[in-house]
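Below, each chain spelled out in residue letters.
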Amino acid sequence: VDDRGPLRYGELEQRARRLAAALQAAGVRRDERILLLMLDSHDWPVSFLGCLYAGVVPVAVNTLLTVDDYAYMLEHSRAQASIVSGALHAKLQAAMQKSAHDVRIVIVSQPEGDLPQGALEFEATLAAVPPAGAPAPTTGDEPAFWLYSSGSTGRPKGTVHTQRNLWWTAQLYGKGVLGLTENDVCFSAAKLYFAYGLGNALTFPLSVGACTVLMAERPTPDAVFQRLTQAQSRPTMFFGAPTGFAGMLASPRLPARQAVALRMCSSAGEALPADIAHRFKAHFGVDIIDGIGSTEMLHVFLSNHPDDIKYGSTGKPVAGYEVELRAENGQPAADGEVGELYIRGPSAALMYWSNREKSRETFQGAWTKSGDKYVRDAQGYYVYAGRSDDMLKVSGIYVSPFEVESAL
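Quick summary incoming for the structure in this document.

Turning to the pattern of salt bridges, a few remarks are in order. Oppositely charged side chains can form a pair if their charged atoms are brought close together. Counting across every chain of the model gives 24 salt bridges. Arg 104 serves as the salt-bridge partner of Glu 32, at 3.6 Å between the closest nitrogen and oxygen. Linking Glu 32 in the loop between helix 1 (9–25) and strand 1 (33–37) with Arg 104 in the loop between helix 4 (89–98) and strand 4 (105–109), this pair joins segments that are 72 residues apart in sequence. Accessibility expressed as a relative area gives 13% for Glu 32, which makes it buried. A relative accessible area of 45% places Arg 104 in the partly exposed class. Note that Lys 281 and Asp 287 form a salt bridge whose closest N and O atoms lie 3.1 Å from each other. For Lys 281, a relative accessible area of 36% corresponds to the partly exposed category. Residue Asp 287 is classed as buried on the basis of its relative accessible area of 18%. Overlapping salt bridges bring together Asp 2, Arg 4, Arg 15, Asp 43 and Glu 123 as one network.

Quick look at the sheet that holds strand 10 (residues 237–240) now. An order of 9-8-10-11-12-13-14 is seen for the 7 strands of this open sheet, with the pairing classed as mixed. Each edge of the open sheet carries a strand with a single partner, namely strand 9 (211–213) and strand 14 (316–317). Across 3 bridges, strand 12 (residues 288–293) lies against strand 13 (residues 300–303) in antiparallel orientation. Of the residues in strand 13, the one forming a bridge with Gly 293 is Val 300. Most of the contacts of helix 7 (residues 195–208) go to strand 8 (residues 185–188), to which it runs at about 165°, and overall it touches strand 8, strand 9, strand 10, strand 11 (264–267) and strand 13.

Right, let's talk about the packing of aromatic side chains for a bit. The tally for this structure, following the rule as stated, stands at 15 aromatic pairs. Taking the centre distance of 5.5 Å and the plane angle of 40° together, the rings of Phe 187 and Phe 238 count as tilted. Of this pair, Phe 187 sits in strand 8 while Phe 238 is found in strand 10, placing the two residues 51 residues apart along the sequence. Relative accessible area serves as the criterion here: at 0%, Phe 187 is assigned to the buried category.

This part is about unusual backbone geometry. The phi torsion at Arg 78 lies on the positive side, around 55°, for a residue other than glycine. Assignment of secondary structure puts Arg 78 in the loop between helix 3 (67–77) and strand 3 (81–85). Using a relative accessible area of 42% as the deciding quantity, one classes Arg 78 as partly exposed. Despite not being glycine, Ser 233 has its phi angle at roughly 55°, a positive value.

Criteria and thresholds
- Residues numbered from 1 in each chain as written.
- Predicted model: local features only at pLDDT ≥ 70, side-chain atom pairs only at ≥ 80, totals over all residues.
- Heavy atoms only, no water.
- Salt bridge = Lys/Arg side-chain N within 4 Å of Asp/Glu carboxyl O.
- Helix = DSSP H or I, 4+ residues; strand = E, 2+ residues; numbered from the N terminus.
- Buried < 20%, exposed > 50% of the residue type's maximum accessible area, 1.4 Å probe, protein only.
- Pairing = 2+ DSSP bridges.
- Contact = heavy atoms within 4.5 Å.
- Axes fitted to C-alpha atoms, helices over the stretch in contact; angles between N-to-C directions.
- Phe/Tyr/Trp six-rings, centres within 6.5 Å; stacked < 30°, edge-to-face > 60°.

What follows is the structure in structure tokens.
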């Protein structure tokens, strides 16, 4: 369900297969990249899934970046085509003018005004071809899609994920932790171009036959409240971040408990303060399941669980993942000691495209270095201690700048 209305599963399949056929007819070949610069609407999953069906690699990018960022991504990904929302088309055009790109085809979803010569309109492009037949014979280990991970320094890194990674995150977190079923209605404040939002609003609900609510506009408290309380398809699962939950609680228009249909909420992106979790539960009567994931691991790998919640912590490893804290000397950190967080699990990305140095630094054999610092308490719960590049060493102990400022 998006701002225009519902799209049923059968329609989604047919439209995705038409998109695949259109790409093939336009000469886009398997393994070539397509830049997806799109707002959250029906056309986003149609485009993403259509690319996968054709064996083409979608490169999903943040819609809030600069023209310079898009110019870099066009060159770096060597995208042969782009699918863009009409509201963002001018930015894409400006980026194409600034870059030595390889784009041959531009397809515009919901255009605003007349299209320039050579650009294709999304609906007309789908209508011009019959649905593709058999999908491309891809394997689980080959590149399927990219997400850009900015990290904290340098240019964004093109994180290459495999075909099977989507399945693993849906199995291990969507089903294993959240227990999603076909009766759920999922709504994510995090957009589809985020690793977090891609699972929340696309692969998790699709994996169980649930409904998903998509929202093109920014997730302000009022915009979120409108979707949470809508008469049709009221969400049972809401996915947000601590800053968003705090903004909701601070709003004078916070809906009453009876106005929503929530059974659970999920939080990621930053550590969830216990006070926010307690206040949210006191108002709505539901828990917020706090966890941590990354673009490199695709989704949440360390989380509280519905039957095992300790507010103020990030919980315990999601089944199917191993987590290890390493001290400065590389040895396992003791309980109560700050350590560097490493993860081993089946949804890890292959590499950063064309960046061997950063790839070797992050993807170390079976382990992925997260760049986060954590402490494990005596009960086995993990407590966030800051980003590695945000930490200062004081008297041999790692502390965050926030802790230093608070102490002063």
